[in-house]
Amino acid sequence: MFWRMTGLSAASPVDTILDKENFTLEELLDEDEIIQECKALNTRLINFLRDKAQVEQLLRYVVEEVPDDAEKKRSFKFPFIACEIFTCEIDVILRTLVEDEELMDLLFSFVKPDHPHSTLLSGYFSKVVICLMLRKTAPLMNYVQEHPEIVVQLVDLIGITSVMEVLIRLIGADETIYSNYADTMQWLENTDVLGMIADKFSSSDSPEVHANAAEILCAVTRCAPPSLAAKICSPSFVGRLFCHALEGSRPKSVLVHSLSVCISLLDPKRLASASYQAFRSNVSHGALVTASPETVDGMLESLGNLLNLLDTSTAENVLPTTYGCLRPPLGKHRLKIVEFISVLLTVGSETAEQELISQSAIKRSIDLFFE
């Protein structure tokens, strides 16, 4: 290229390092132009980085926490640059990683329960794994299939949003059309990944976990592989959700987010953006889940218990406002129940309409508005 012609430009700082008899990976990572040189496919640089020892060290920067008193370069710059090198999507570097069992073990050691999971490194781990999903789909899926504990470990970490994004893509509930999609998704039919996610409503008190669990399940309703579509709209799965939602001792966020999933089951387009709708028309690998009469009937079984939660007569909490006191305030959970009722009315189920009328759901919602 013009700027590399002899006499017209100085040598790249990266090439200057590579010309030295002895140099280290850290010297290269400390050089500001390394990512630019990777994207320019600097042959000497890539031949050095593709070596197993270098890939292993790059991975360690991505997945291993450092002591609090470590240098800033080691804590922040090197992990960032290492992640960026992987996401440059250089085939020979990614191939070194996915074709070596030990390196893959090192990458996924990040999700082990005894491993620290900082937000910073979780983001880098997520970016590397998603890059492998896009560029090395089959070998990555084969590795996960051979190590089913990885799915369990990812589910245990869904309170971390970047890990949640990995899980969404892993189970095929996103807009990306992967190569060999049908083949790599077959193994999902034999897992209870949806049940594991739903059970986080029961096993965790964290609102972040509840929100992210709902986000994954809603994503499945919008773009589900066939193996998951049948499971998520089954009456047994709906019953499982309501069982968690109506458990009296659980935080209100369980009820709110469980109902979000049910609303998405009844009307998948409701929570999807306009750009997502435009995209859906071009996708063939997943399908919008449509609620069957059996699914709706499964929800109606718990309708009475839900409507009891709209009763404010025994509530004691008071919210003073500039225009008076709310006794009690409506609250997110009651608002979500009313939203659920409104969506039930739009699905065209005569049984649902009769049940809502017989249990005075509409009247109660209108009364709440005036209260």
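Above this text you will find the structure in question.
Let me begin by describing the structure that accompanies this report. What you are looking at is a predicted structure, and each value in this text was computed from that prediction instead of being measured. (Residues numbered from 1 in each chain as written. Predicted model: local features only at pLDDT ≥ 70, side-chain atom pairs only at ≥ 80, totals over all residues. Heavy atoms only, no water.)

1. Describing the nonpolar core
Argument step 1. Counting residues in each nonpolar core, the largest one holds 115 residues, and the members touching the most others are Ile85, Phe86, Leu97, Leu107, Phe108 and Phe340.
Argument step 2. With nine residues, the top contributor of residues to this core is helix H9 (residues 119–135). (Core = buried A, V, L, I, M, F, W, Y, C linked by side-chain atoms within 4.5 Å. Buried < 20%, exposed > 50% of the residue type's maximum accessible area, 1.4 Å probe, protein only. Helix = DSSP H or I, 4+ residues; strand = E, 2+ residues; numbered from the N terminus.)

2. Remarks on the side chain of Ser234
Argument step 1. Among the secondary structure elements, Ser234 is positioned in the loop between helix H17 (226–232) and helix H18 (235–245).
Argument step 2. Given the relative accessible area of 18%, Ser234 is considered buried.
Argument step 3. A distance of 2.8 Å separates a polar atom in the side chain of Ser234 from the backbone oxygen of Lys231. (Polar contact = N/O pair within 3.5 Å; in protein donor to acceptor, adjacent residues only side chain to side chain.)

3. Some points on the packing of helix H5 (residues 52–63) against helix H7 (residues 91–98)
Argument step 1. Orientation of H5 relative to H7, taken along the N-to-C sense of each, is 80°, at an axis distance of 10 Å. Viewed along their axes, H5 and H7 adopt a mutual orientation that is roughly perpendicular. Note on element contacts: H7 touches H5 through Ile93, Thr96 and Leu97, opposite Lys52, Val55 and Leu59. (Axes fitted to C-alpha atoms, helices over the stretch in contact; angles between N-to-C directions. Parallel < 35°, antiparallel > 145°, perpendicular 65-115°, else oblique. Contact = heavy atoms within 4.5 Å.)

4. Quick word on a nonpolar patch on the surface
Argument step 1. On the surface, Leu345, Ile362, Ile366, Phe369 and Phe370 cluster together into a nonpolar patch covering about 540 Å² of accessible area.
Argument step 2. Considering every element that reaches the nonpolar patch, the biggest residue donor is helix H25 (residues 361–370), with four residues.
Argument step 3. Relative to the assigned elements, Ile366 resides in helix H25.
Argument step 4. Since its relative accessible area comes to 45%, Ile366 is described here as partly exposed. (Patch = residues over 30% accessible without salt bridge, like charges linked within 9 Å, V, L, I, M, F, W, Y side chains within 5 Å. Areas by Shrake-Rupley, 256 points an atom, 1.4 Å probe, with all protein chains shown as cover. Salt bridge = Lys/Arg side-chain N within 4 Å of Asp/Glu carboxyl O.)

5. Observations concerning the pattern of salt bridges
Argument step 1. Evaluated as defined, the whole model comprises 21 salt bridges.
Argument step 2. Notably, a salt bridge pairs Lys363 with Asp367, separated by 3.0 Å at the nearest N-O pair. Taken as a pair, Lys363 and Asp367 lie in helix H25 at a separation of four residues, close to a single helical turn.
Argument step 3. Taking relative accessible area as the criterion, Lys363 reaches 54% and is therefore assigned exposed.
Argument step 4. Via salt bridges that share partners, Asp30, Asp32, Lys73 and Lys77 belong to a single interconnected network.

6. As for the state of the cysteines
Argument step 1. Applying the stated rule across the entire model yields zero disulfides.
Argument step 2. Residue Cys88 stays outside any disulfide, its sulfur separated by 5.1 Å from that of Cys38, the closest cysteine.
Argument step 3. The cysteine Cys218 is free of any disulfide, with Cys262 supplying the nearest cysteine sulfur at 9.1 Å.
Argument step 4. Residue Cys218 is classed as buried on the basis of its relative accessible area of 5%. (Disulfide = S-S within 2.5 Å.)

As far as function goes, none of this settles anything; it's purely spatial.
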